[in-house]
Amino acid sequence: MTVTENTPTTDTASSEKSLLATFREQPRTVWITAFAATIAFMGIGLVDPILHSIAEALEAPAEKVTLLFGVYVGVQCVAMLLTGWAAYRFGPKRTLTVGLALIVVAAGLSAFADDIDQLIAFRVIWGLGNALFLATALAFIVSSAVGSRQGAIMMYEAALGLGLAVGPLLGATLGEWTWRAPFGGTALLMLFGAVLCAFMLPADAPRATRDRVRIVDPLKALRNRTLSISGIGSAFYTGALFTVIAWAPIAMGLRPIHAGLIFFGWGLLTALAGVFVAPALAKALGEKAGVLVAIFAYGSIMVLAGVGTVSDQVWLIGLAVVLSGLPSGVLNTLFTDLAMSSGGTDTPRSVSSAGFSFLRWMGAAIAAVLVAYLAKWFGSDAAPWWFATAYCVVALGAVALIQGVADDEIDDDAALIGAEEF
């Protein structure tokens, strides 16, 4: 995610304002971008409640259905190398608006897909659009907000939490009618946001005023040992995360409304844990120990989901999905801050973030593609959960190799950069 560099906060009084007061004073630009960000985050959780319905309606095998996430995150992986360069080359407003337009097109076409292969192709376009938009949305909000940087980040956090929680509910409610409806609803909402952004956001400044970013810069940032180890550890954890996102709807086989309520709980806990639980855990245990505890908890929850699948207790799988939001929210923040704090002063934070996210998305893409094949190869719907547990064990080993991290202060935007994995 492209973000502005860390700068000292000079307006202490402003940073102590209430959430409501902070929101009221924000200019139109911030509200428009935050609205579009909310819709974008809603679109991420939209597919989960209707995944089982899509499989039935299009008569698609599980390995095809899970590709709806596999190709989506695969595009995100590559896009991490492109978004910073695109914002420099074309300007953040153009990059953001093009991203929104791609989402509108992809979501709209998805509503009319005739088969699963078409839907997979449209998700490729959707993933690229989401990457281009979210990579610049936070930077837009931070640069345009009135008051402190913390106030701007609070605005983005609100968009994140609302989107992650409401998205599954929207998908579930519309999905009770037909699986096509959530895609059409998202396209209409995002079209409204795209029009607002195109006509009401300020024009891009000349390219000479923007920091130059090359496509290879995020890869060069991975020369930093701690950053690369953190990225590898995060890749394996994110593989477990996308096992939940891609496999749980199929393993549960629930109606959209019931699956939507489960993923509503997941999204709500993820957002709250990233903002409130993660800083408290880091303060109590330190960042590295906090990451280790959260990964261990996530692995334990994967075991719980596996037991639920083996014993055919759907409620246990649903409970595991909801509970996984707690360690997931913590890891989104702590893993990111652990990596960003090791990026080095000679590398812009946005470039280090892109390199870290490249590795993380790679793990997500591979896991999302493999998840259905694992069940097929091993002849058990519980196999993906056992592999997700193994991913967490590898992630624990990688984090254990990280040295020299003792900071217990979490950067304000760590939760937000971490949120781009959704």
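Structure's up top.
The structure reproduced in this document is the subject of the present report. (Residues numbered from 1 in each chain as written. Predicted model: local features only at pLDDT ≥ 70, side-chain atom pairs only at ≥ 80, totals over all residues. Heavy atoms only, no water.)

## Quick look at the overall build of the protein chain
- Along the backbone of the protein chain there are 19 helices and zero strands.
- Taking all 422 residues of the protein chain together, the buried fraction comes to 59%.
- When contacts within the protein chain are restricted to residue pairs at least 6 apart in sequence, long-range pairs at least 24 apart make up 87% of them.
- As displayed, the protein chain has an accessible area near 15,900 Å², and 67% of this comes from carbon and sulfur atoms. (Helix = DSSP H or I, 4+ residues; strand = E, 2+ residues; numbered from the N terminus. Buried < 20%, exposed > 50% of the residue type's maximum accessible area, 1.4 Å probe, protein only. Contact = heavy atoms within 4.5 Å. Areas by Shrake-Rupley, 256 points an atom, 1.4 Å probe, with all protein chains shown as cover.)

## Let's talk about the packing of helix H13 (residues 225-252) against helix H14 (residues 256-285)
- Interaxial distance between H13 and H14 falls to 11 Å at its minimum, and their mutual angle equals 160 degrees. As judged from the angle between their axes, H13 and H14 are roughly antiparallel. In this structure, H13 crosses over H14, and the sense of that crossing is right-handed. In this structure, H13 contributes Leu241, Val244, Ile245, Ala248, Pro249 and Met252 to the contact, and H14 contributes Ile262, Phe263 and Trp266.
- Taken together, the residues that form the contact of H13 with H14 break down as nine nonpolar, no polar and no charged. (Axes fitted to C-alpha atoms, helices over the stretch in contact; angles between N-to-C directions. Parallel < 35°, antiparallel > 145°, perpendicular 65-115°, else oblique. Left-handed = near helix turned anticlockwise from the far one by under 90°. Nonpolar A, V, L, I, M, F, W, Y, C, P; charged D, E, K, R; others polar.)

## Digging into the side chain of Ser230
- Relative to the helices and strands, Ser230 resides in helix H13.
- Note on Ser230: relative accessible area 0%, which makes it buried.
- Residues in contact with Ser230, not counting those within four places in the same chain, are Phe335, Leu338, Ala339, Phe356 and Ile402.

## With respect to helix H15 (residues 287-310)
- Relative to the 34 Å expected for 24 residues at 1.5 Å per residue, H15 spans 35 Å between its end C-alpha atoms, a close match to the ideal helical length.
- With its phi angle positive at about 55 degrees, Asp312 sits one or two positions after the end of H15. (Expected span 1.5 Å × (residues − 1).)

## Description of the nonpolar core
- Ranked by internal contacts, the top residues of the largest apolar core, which has 117 residues, are Ile54, Leu68, Leu119, Phe133, Phe183 and Trp385.
- Excluding anything up to four places from it in sequence, Leu68 contacts Val47, Leu51, Ile54, Ile116, Leu119, Ile120 and Arg123. (Core = buried A, V, L, I, M, F, W, Y, C linked by side-chain atoms within 4.5 Å.)

## Some words on the packing of aromatic side chains
- This model, assessed by the stated rule, comprises 10 aromatic pairs.
- Ring geometry for Phe35 versus Phe192: centroids 5.7 Å apart, planes at 80 degrees, classification edge-to-face. Of this pair, Phe35 sits in helix H3 (residues 28-45) while Phe192 sits in helix H11 (residues 181-200); the two residues are 157 residues apart in sequence, bridging distant segments of the chain.
- Owing to a relative accessible area of 28%, Phe35 belongs among the partly exposed residues under this scheme.
- Plain terms: the ring middles of Trp179 and Phe183 are 6.1 Å apart, the flat faces sit at 85 degrees to each other, and that makes the pair edge-to-face. Exposure class is identical for Trp179 and Phe183. Each is buried.
- Each residue in the set Trp126, Trp179 and Phe183 is aromatic and connected to the rest through ring pairs, giving one cluster.
- One cation-aromatic arrangement involves Arg123 over Phe69; the distance from NZ or CZ to the ring centre is 5.6 Å.
- Here the guanidinium or amino end of Arg123 rests over the ring plane of Trp126, the centre of that ring lying 5.3 Å away. (Phe/Tyr/Trp six-rings, centres within 6.5 Å; stacked < 30°, edge-to-face > 60°. Lys NZ or Arg CZ within 6 Å of the ring centre and 35° of its normal.)

## Side note on the packing of H15 against helix H18 (residues 383-400)
- The geometry of H15 relative to H18 is characterised by a closest axis approach of 8 Å and an angle of 170 degrees between their N-to-C directions. Classified by the angle their axes make, H15 and H18 are roughly antiparallel.
- The residue makeup of the contact of H15 with H18, split by class, is 18 nonpolar, four polar and one charged.

## Here we look at unusual backbone geometry
- The backbone phi angle of Glu59 is positive, close to 50 degrees, even though this residue is not glycine.
- Along the polypeptide, Glu59 turns up in the loop between helix H4 (51-57) and helix H5 (62-65).
- Its relative accessible area of 74% is what places Glu59 among the exposed residues.
- You will see that Asp312, though not glycine, has its phi angle at about 55 degrees, which is positive.

## Some remarks on a nonpolar patch on the surface
- On the surface, Leu268, Leu272, Phe276, Val277, Trp315, Leu319, Leu323 and Leu326 cluster together into a nonpolar patch covering about 720 Å² of accessible area.
- Elements that contribute at least two residues to the nonpolar patch include exactly H14 and helix H16 (314-340).
- With respect to the helices, strands and loops of the structure, Leu268 is situated in helix H14.
- Its relative accessible area of 35% is what places Leu268 among the partly exposed residues. (Patch = residues over 30% accessible without salt bridge, like charges linked within 9 Å, V, L, I, M, F, W, Y side chains within 5 Å. Salt bridge = Lys/Arg side-chain N within 4 Å of Asp/Glu carboxyl O.)

## Quick look at helix H8 (residues 92-110)
- In this model H8 runs 27 Å from its N-terminal to its C-terminal C-alpha over 19 residues, within 8% of the 27 Å that 1.5 Å per residue would give.
- Burial in H8 covers these residues: Lys93, Thr95, Leu96, Thr97, Gly99, Leu100, Ile103, Val104, Ala106, Ala107 and Ser110.

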